[in-house]
Amino acid sequence: MAYKLSELLRARFPMIYVTTFEEDRVTKYIRAIATDAKQVKFPREVYTWTQTRGLINENTDKAISDTTCPCKMLEYIRKYDKDAVFLLYDFHVNFGPKNRAPEYNTIRKVRDIIPDLKLGTARKTVFFISPELLIPESLQKEITIFDFPLPTLEEIKKKFDSMLSQNKGVVSELSEEEKDKLCKAALGLTLQEAESAFALAMVNDGKINTKDLNTILEEKVQVIKKTGILEFIRSEYSIKDIGGLDNLKKWLLKRNNSWSEQAKKYCIPAPKGVLVTGVPGCGKSLTAKAMSTIWQLPLLKLDFSKMFSGLVGSSEENMRRALATAEAVAPSILWIDEIEKGLSGIGSNGDSGVSSRIFGQFLTWMQEKEAPVFVIATANNISNLPPELLRKGRFDEIFFVDLPTVQERKEIFKLHLEKRLKDKEVASEILEMKNVCSELAKMTEGFIGSEIEQVVISSLCDAFFENRPLKFEDLTKNIATTVPLSTTQREQILSLRAWANVRAVSATKISSLKQYNKEIDSENVSASRGGRTLDF
């Protein structure tokens, strides 16, 4: 990055735009390069400008009189006859909203000084430093955008060590490995945000340890909330809360920590993501929530409907900001629930192609992203998904979640009964029975996970109404009165399976499928399972 900026200065690029909130950090960075003869050959003086203070010489801290006016400041730059760089803060306000300036003479004046910057005897470069990118069309050919990244791990460690040395009363209980983990958690924050998070962790109890990881993550939550597009999901689910889906769970467990330093020894790339499709109510969304706990990463939910805005270009900007935020808090998990609904407008002319452009932006990001952002997308109706989303390279794997097998239904019943039967009196009759979950699993052929949960809840409601323990008969009665989704949407499920047979991997492991096939009638809707039977 330093070499690139020094090249731009040596090549006499007239104007460079830097989008960042970190004015102090970018100022120190540019000053270090511009004043170093080894990097730029001809060292430059450094001037900063704000509309409240005017031009200030950073070497002497002397203000140049009568330069608060943008046009007068630009004229001073044009006449200046020494090598220098000029850092203009928040100059974008003079460009006006939507590339329309309140007074066009400001933009005209910027264009007037370009020949002198390019061809004058003095080597001069103007930097526009702003938290948002706004360049008038008339200046787009003259201004170069320079990407100034967020602080590196080394910079955050340096800041952390500096704070510890300055605060002698704070006790550090961190090993080197734990300190590394804590600083990594702060990646994606600005240096000021990281400093605030560390300060908060230190003042809580006068010491800092691994428990303070939550404080760092809370600061990241603030970054996510400010976008207004992404939603931070707090998940208390674990892998034990997922009944069945052993293939999918094993795949996820194998890729845990694949973005760590240890994984680099094996040259393992960070996983891109998975698409989980299948029958509604069978645990797709639950898997996404449980992943956050399994991997101990922040879970961000992206809602495509929040992207769209009435202003021209703002929808595309919303997508860019959402993806940039996901990368900023990386490593992270980006969850897109029912992705087919968000992409429903692709190919239509109703929105002047906005949906297609947003989708293209998302595909390009998925293909080229380098930050460890794992994408988990869930879908119910795969017929509405564009083919370019499904091709190899977008997702690492496509999993198909089918109706639960007998063994999976047994696990689901066990999960919900253990979760809700906390009181011994309420659970007394069920606890006395043997193989109750096995019996219930056999009686619920074709039931999905959410239907099994409702059977348990409805049965507990019946027992509560009569102020008595839960009975086995309560469960069987509610099973008998439930019409499962496999009956009401038989044709759709068969269509899903036909699609998944050659395009997706079954989320259920082979042994469960073999056992399942022995226990069902071959003409039952559940007989022909969807998805290739691979075990990971």
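Residues numbered from 1 in each chain as written. Predicted model: local features only at pLDDT ≥ 70, side-chain atom pairs only at ≥ 80, totals over all residues. Heavy atoms only, no water.

**Some points on the overall build of the protein chain**
Note the following rule: Under the DSSP-based scheme used, a helix requires at least four consecutive residues in state H or I and a strand at least two consecutive residues in state E, with every element numbered from the N terminus. Whether a residue is buried, partly exposed or exposed follows from its accessible area with a 1.4 Å probe, protein chains only, as a fraction of its type maximum: under 20%, in between, or over 50%, in that order. Only heavy atoms matter for contacts: two residues are in contact if any of them lie within 4.5 Å across the pair. Throughout, the Shrake-Rupley method with a 1.4 Å probe supplies accessible areas, and for residues the shown protein chains are the sole cover considered. In summary, the charge assignment counts Lys and Arg as positive and Asp and Glu as negative, without counting His or the chain termini. Charged side chains are reduced to one point each, which is NZ for Lys, CZ for Arg, CG for Asp and CD for Glu.
A count of helices and strands for the protein chain gives 24 helices and 16 strands. Its C-alpha atoms put the protein chain at 90 × 65 × 50 Å along the principal axes. When each of the 536 residues of the protein chain is scored for burial, the buried share is 49%. Taking the intrachain contacts of the protein chain between residues at least 6 apart in sequence as the baseline, contacts between residues at least 24 apart amount to 78%. By element, 51% of the accessible surface of the protein chain is carried by carbon and sulfur atoms, the whole surface being about 26800 Å². Each charge sign in the protein chain was given a centre, from 77 positive and 73 negative side chains, and these centres are 4 Å apart.

**A closer look at the packing of aromatic side chains**
In plain terms, the rule: Any pair of Phe, Tyr and Trp rings, taking the six-membered ring for Trp, is counted once the centres come within 6.5 Å. Such a pair is stacked with planes under 30 degrees apart, edge-to-face with planes over 60 apart, and tilted for the rest. Ring-over charges, as used throughout, are those where CZ of Arg or NZ of Lys falls within 6 Å of the ring centre and within 35 degrees of the ring normal.
Applying the stated criterion across every chain yields a total of 16 aromatic pairs. An angle of 75 degrees between the planes, with centres 5.5 Å apart, marks the rings of Phe91 and Phe95 as edge-to-face. A relative accessible area of 1% means that Phe91 is categorised as buried. Assessed through its relative accessible area of 0%, Phe95 is described here as buried. Taking 4.8 Å as the distance between ring centres and 75 degrees as the angle between the ring planes, the aromatic pair formed by Trp295 and Phe374 counts as edge-to-face. Residue Trp295 is found in helix H12 (residues 284-295), and its partner Phe374 is found in strand S14 (residues 373-379); the two are separated by 79 residues along the sequence. On the accessibility criterion, Trp295 (3% relative accessible area) is buried. Grouped by ring-pair contacts, the aromatic residues Tyr17, Trp49, Phe91, Phe95 and Phe128 constitute a single cluster. Above the plane of the ring of Trp335 lies Lys301, whose end atom (NZ or CZ) is 4.9 Å from the centre. One residue, Lys369, lies across the ring of Trp365, its end atom 5.6 Å from the ring centre.

**Focus: the layout of surface pockets**
This is how the line gets drawn: In this analysis, the protein atoms alone were mapped onto a 1 Å grid. Cavities are point sets where a 1.4 Å probe fits without being able to get out; pockets are open sets with protein on both sides within 12 Å along at least five of seven lines; lining residues have an atom within 4 Å of a point. Grid points are joined across faces, edges and corners, and a volume is the space filled by probe spheres set on the points. Side-chain classes are defined by residue name, with Ala, Val, Leu, Ile, Met, Phe, Trp, Tyr, Cys and Pro counting as nonpolar, Asp, Glu, Lys and Arg as charged, and the others, Gly among them, as polar.
Here the second largest pocket defines a volume of roughly 1300 Å³. Together, 39 residues line the second largest pocket, and Lys181, Ala185, Trp295, Gln296 and Leu297 are the ones closest to its centre. Elements that contribute at least two residues to the lining of the second largest pocket include exactly helix H7 (176-185), helix H9 (213-225), strand S10 (230-233), helix H11 (261-264) and H12. Of the residues in the lining of the second largest pocket, the class split is 16 nonpolar, 10 polar and 13 charged.

**Notes on the sheet that holds strand S11 (residues 273-278)**
The test is simple: Pairing between two strands is assigned when DSSP locates at least 2 bridges connecting them. Note on geometry: axes are C-alpha line fits, over the in-contact stretch for helices, and angles between N-to-C directions span 0 to 180 degrees.
Taken together, the seven strands give an open sheet; going across it, the order is S10-S12-S13-S14-S11-S15-S16, and neighbouring strands pair in mixed fashion. Of all strands in the sheet, those bounded by a partner on one side alone are S10 and strand S16 (505-506). Where strand S15 (residues 397-401) lies against S16, two bridges are found, and the strand directions are parallel. The residue bridging Phe400 from the neighbouring strand is Ser506, located in S16. Sitting on the sheet, helix H23 (residues 490-503) is in contact with S11 and S15, with an inclination near 145 degrees to S15.

**Side note on the side chain of Ser292**
Short version of the rule: Residues adjacent in sequence count toward polar contacts only when both atoms are side-chain atoms; beyond that, a polar contact is any pair of N or O atoms within 3.5 Å, and within protein one must be able to donate a hydrogen and the other to accept it.
Structurally, Ser292 is set in helix H12. Given a relative accessible area of 11%, Ser292 falls into the buried group. At 2.7 Å, the side chain of Ser292 and the backbone oxygen of Leu297 are in polar contact. Setting aside anything within four residues of it in sequence, one finds Ser292 in contact with Ser235, Leu297, Pro298, Leu299 and Ile333.

**Regarding helix H19 (residues 436-443)**
An α-helical turn contains 3.6 residues, so a residue and the one three or four places further along point in the same direction. Within H19, the full set of buried residues consists of Val436, Cys437, Ser438, Leu440 and Ala441. The elements touched by buried residues of H19 are helix H17 (406-420), helix H18 (424-432) and helix H21 (472-480).

**Some words on the pairing of strand S12 (residues 299-302)**
Taken together, the four bridges between S10 and S12 define a ladder with antiparallel strand orientation. Along S12, the bridge assignment pairs Phe232 with Leu300. The sheet contact formed by S12 and strand S13 (residues 332-336) spans three bridges and is parallel. Among the inter-strand pairings, Leu299 is bridged to a residue of S13, identified as Ile333.

**Comments concerning the environment of Ile64**
As for its position among the elements, Ile64 is in the loop between strand S4 (62-63) and helix H4 (70-79). With 17 residues separating them along the chain, Ile64 and Tyr47 place their C-alpha atoms 9.8 Å apart. Sequence-distant contacts of Ile64, that is, excluding residues within four places in its chain, are made with Tyr47, Leu55 and Tyr76.

**Quick word on the nonpolar core**
For clarity, the threshold we go by: What we call a nonpolar core is a set of buried Ala, Val, Leu, Ile, Met, Phe, Trp, Tyr and Cys residues that are connected through their side-chain atoms within 4.5 Å.
Membership of the largest hydrophobic core comes to 39 residues, with the highest contact counts inside it found for Leu334, Ile339, Phe362 and Leu389. The set of elements that each furnish at least two residues to this core consists of S12, helix H13 (314-328), S13, helix H15 (354-368), S14, S15 and H23. With seven residues, the top contributor of residues to this core is H15. One finds Leu252, Met291, Leu299 and Ile333 within the second-largest nonpolar core, a separate group that totals 29 residues.

**Overview of unusual backbone geometry**
One non-glycine residue, Glu338, adopts positive backbone phi at about 50 degrees. Locating Glu338 in the fold gives a position in the loop between S13 and helix H14 (339-342). We note that Asn435 has phi near 55 degrees; this positive angle belongs to a residue other than glycine. With respect to the helices and strands, the residue Asn435 is situated in the loop between H18 and H19. The exposure class of Asn435 is exposed, given its relative accessible area of 56%.

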